[in-house]
Amino acid sequence: MKTPRFQLLLALLIGLTAIRTRGVQDVSSETRPPQYVIGLSPFLDNSVKDDVYRRIIGFVLEDLPVNSSLALYDAYNLRTIAQIQVPDVRAFRSAKTRANQFKEPIHKLKDFLAANHEKPETKLNMKDAVHLPQFMDFVGQNLLGSNRSTTVILLGSPLYIDPKEPGFSMVDGYFPSDGHILANREQSVFGLKDRPTALVGVMVHCGYFGDPWVSELHKEKITRFWALYLQEQGAHLGAFSGDLATIFNAAHLNGAELREKGYALDRSRSKVEMLRISRDVGVADWITRELSPNHQQPPPSTTIGPMKIGIRWKGNIDLDLYAAARPGAEALFFEHTRCPEGYYFKDHRSSPEREYEFIEFETPVDIWKVEANVNFFEGRAPGGPSGEIRIEFDGRIYTGSFQIAAEHGNEGRSGSRHRDCWAHLDVPAILKLSPQRDAALR
């Protein structure tokens, strides 16, 4: 982005604003002077920077009321970009006056957008990244006052991405369970326990760019999560859109775009886990579809290859699958959803009749080295819970069953005292293999 382009945009904005018949809104009579906060991602694509600049400058020149303020921040690094105070003076109803008086903060915004900010070294896609929880903490701790109304505009990715805590990243269709909100900050970056009034009365409008969603369901899950995250602190999610005109119009109307769709936190789901929605609607077909009662498969023709292993069960209980590609390898489960060998997938609870989750080893594994176990995490089941095991290997689907002795969950604890809450899965046996047959395959 070159400086002349910004100068031309600013000149056009001043010219367009000058033809307005009534000038900038005067709200000096209000008892609560409004303050506006704009948080920007430092990693915006160059293709959207001109539009972002134009929208912000237009907001400054046209829509900021007199007797109000605007603070601009880097919403990833939590650094100040610029600050603007609009006096309760008649002259500041003029866009031309504002353009002249606010040259310095306008220039700082231009420099921020023009700069090539260094991204963290990571395999994660940092495009448009912001730290929404940390930024809203900053707003709550430093910018709120009893005599001011606060409107926040956040421009960046709606998907939380943090190389330092990749387990909480909302990439590849992942989204947090309600348990994250119910937890404390030591358990989750989204934890809000004992923080019910941190953002009382704050209105937040979130603008994003392009299509960051795996699916419409993914979009709905993320929207719901952020709405609840703000709601539990006394704030409100207003506009949530990929259209910047909608975002800034909602901010100008001061809450008229407040979302009417209500969300309720499910306090019975206290488990801190990342759930996943797949881009490929058929990715779970092997475990979700019903098989014939006499479904039988011959043993596989090889013992090394990609594998999917999953569990299915009924009832209002929570079971968890743990699996590692080999002894000593990273175990995949609900708190560790990705590793070099594959990923963990849990049903997003779209069906109340049957739960399921699975682990896919995308790189070839040796079936004799795979370690897999099921834990009874939460709930009660007279006689102990049972369920179905499914393994997709060598182009075939194999089935088996498991039984856990304990009648109530133990929240994933291990050790000899909790042995009854676990079931070991014998992968070779489920695949109808024996050591003798494996020797023949070799």
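As a reminder, the structure under discussion sits directly above these lines.
Everything in this summary refers to the structure shown in the same document.

Each value, and the rule that gives it
Residues numbered from 1 in each chain as written. Predicted model: local features only at pLDDT ≥ 70, side-chain atom pairs only at ≥ 80, totals over all residues. Heavy atoms only, no water. Helix = DSSP H or I, 4+ residues; strand = E, 2+ residues; numbered from the N terminus. Contact = heavy atoms within 4.5 Å. Areas by Shrake-Rupley, 256 points an atom, 1.4 Å probe, with all protein chains shown as cover. Pairing = 2+ DSSP bridges. Buried < 20%, exposed > 50% of the residue type's maximum accessible area, 1.4 Å probe, protein only. Polar contact = N/O pair within 3.5 Å; in protein donor to acceptor, adjacent residues only side chain to side chain. Axes fitted to C-alpha atoms, helices over the stretch in contact; angles between N-to-C directions. Lys, Arg positive; Asp, Glu negative; His and termini not counted. Salt bridge = Lys/Arg side-chain N within 4 Å of Asp/Glu carboxyl O. Right-handed = clockwise from strand over helix to strand, strands pointing away. Parallel < 35°, antiparallel > 145°, perpendicular 65-115°, else oblique. Left-handed = near helix turned anticlockwise from the far one by under 90°. Nonpolar A, V, L, I, M, F, W, Y, C, P; charged D, E, K, R; others polar.

### Let's talk about the overall build of the protein chain
Item 1. Scanning the protein chain from terminus to terminus reveals 11 helices and 17 strands.
Item 2. Sequence-distant contacts in the protein chain: of pairs separated by 6 or more residues, those separated by 24 or more amount to 76%.
Item 3. Summed over its atoms, the accessible surface of the protein chain is roughly 20800 Å², and 47% of this surface lies on carbon and sulfur atoms.

### As for the pairing of strand β16 (residues 396–403)
Item 1. Direction of pairing for strand β15 (residues 386–393) relative to β16: antiparallel, over a ladder of eight bridges. Pairing of Ser386 across the sheet is with Gln403, part of β16.

### Let's talk about the environment of Arg312
Item 1. By the element assignment, Arg312 lies in strand β9 (residues 304–313).
Item 2. On the accessibility criterion, Arg312 (1% relative accessible area) is buried.
Item 3. Counting along the chain gives 43 residues from Arg312 to Glu355, while the straight-line C-alpha distance between them is 5.8 Å.
Item 4. If near-sequence neighbours (up to four positions away) are discounted, Arg312 is found in contact with Ile287, Thr288, Arg289, Glu290, Arg354, Glu355, Tyr356, Gly387, Glu388, Arg390 and Phe402.
Item 5. A polar contact is formed between the side chain of Arg312 and the side chain of Glu290, at a distance of 3.1 Å.

### Things to note about the sheet that holds strand β1 (residues 34–40)
Item 1. Spatial strand order, β3-β2-β1-β4-β6-β7: six strands in an open sheet with mixed pairing. Edge positions in the open sheet fall to β3 (79–86) and β7 (236–241), since each of these has one partner strand only. Pairwise comparison of adjacent strand axes, ignoring direction, gives a mean angle of 15° for this sheet.
Item 2. Sheet topology note: the strand β4 (residues 149–155)/strand β6 (residues 203–207) ladder contains five bridges and is parallel. In the sheet register, Leu154 faces β6, and the bridge partner there is Cys206.
Item 3. Each of β1, β2 (68–74) and β3 is contacted by helix α4 (residues 103–114), which is oriented at about 155° to β3, the strand it contacts most.
Item 4. Lying on the sheet, helix α8 (residues 244–252) is in contact with β1, β4, β6 and β7; it crosses β4 at an angle near 170°.

### What about the side chain of Asp74?
Item 1. Positionally, Asp74 belongs in strand β2.
Item 2. It is Arg79 that comes nearest to the buried, bridge-free Asp74 among opposite-charge side chains, at 5.3 Å.
Item 3. Other than its neighbours up to four places away in sequence, Asp74 contacts Leu40, Pro42, Arg79, Ile81 and Phe112.

### Things to note about the pairing of β2
Item 1. Of all seven residues in β2, seven are buried; the element is thus mostly enclosed.
Item 2. Side chains of β2 alternate between two faces, with Ser68, Leu70, Leu72 and Asp74 and Ser69, Ala71 and Tyr73 buried alike.
Item 3. Crossover connection from β1 via helix α2 (residues 46–63) to parallel β2: handedness right-handed.
Item 4. Both β2 and β3 contribute to a ladder of seven bridges, which runs antiparallel. Bridged to Leu72 within β3 is Ala82.
Item 5. The loop that links β2 with its antiparallel partner β3 comprises four residues; one of these, Leu78, has a positive phi angle of about 55°.

### A closer look at the packing of α2 against α4
Item 1. At a minimum axis separation of 10 Å, α2 and α4 run at an interaxial angle of 165°. With respect to each other, α2 and α4 are oriented roughly antiparallel. As for the relative orientation of α2 and α4, their crossing is right-handed in sense. Contacts between α2 and α4 involve Lys49, Val52, Tyr53, Ile56 and Ile57 on the former and, on the latter, Ile106, Leu109, Lys110 and Leu113.
Item 2. Considered class by class, the residues forming the contact of α2 with α4 number seven nonpolar, no polar and two charged.

### Thoughts on the sheet that holds β16
Item 1. Strand order in the open sheet made by the six strands is β11-β12-β13-β9-β15-β16, with antiparallel pairing throughout. Across the chains shown, the open sheet's two edge strands, defined by having one partner strand only, are β11 (338–339) and β16.
Item 2. Alignment of β9 against β15, held across six bridges, turns out to be antiparallel. Within β15, the position partnered with Ile309 by the bridge is Ile391.

Taken by themselves, the reported measurements are silent on function.
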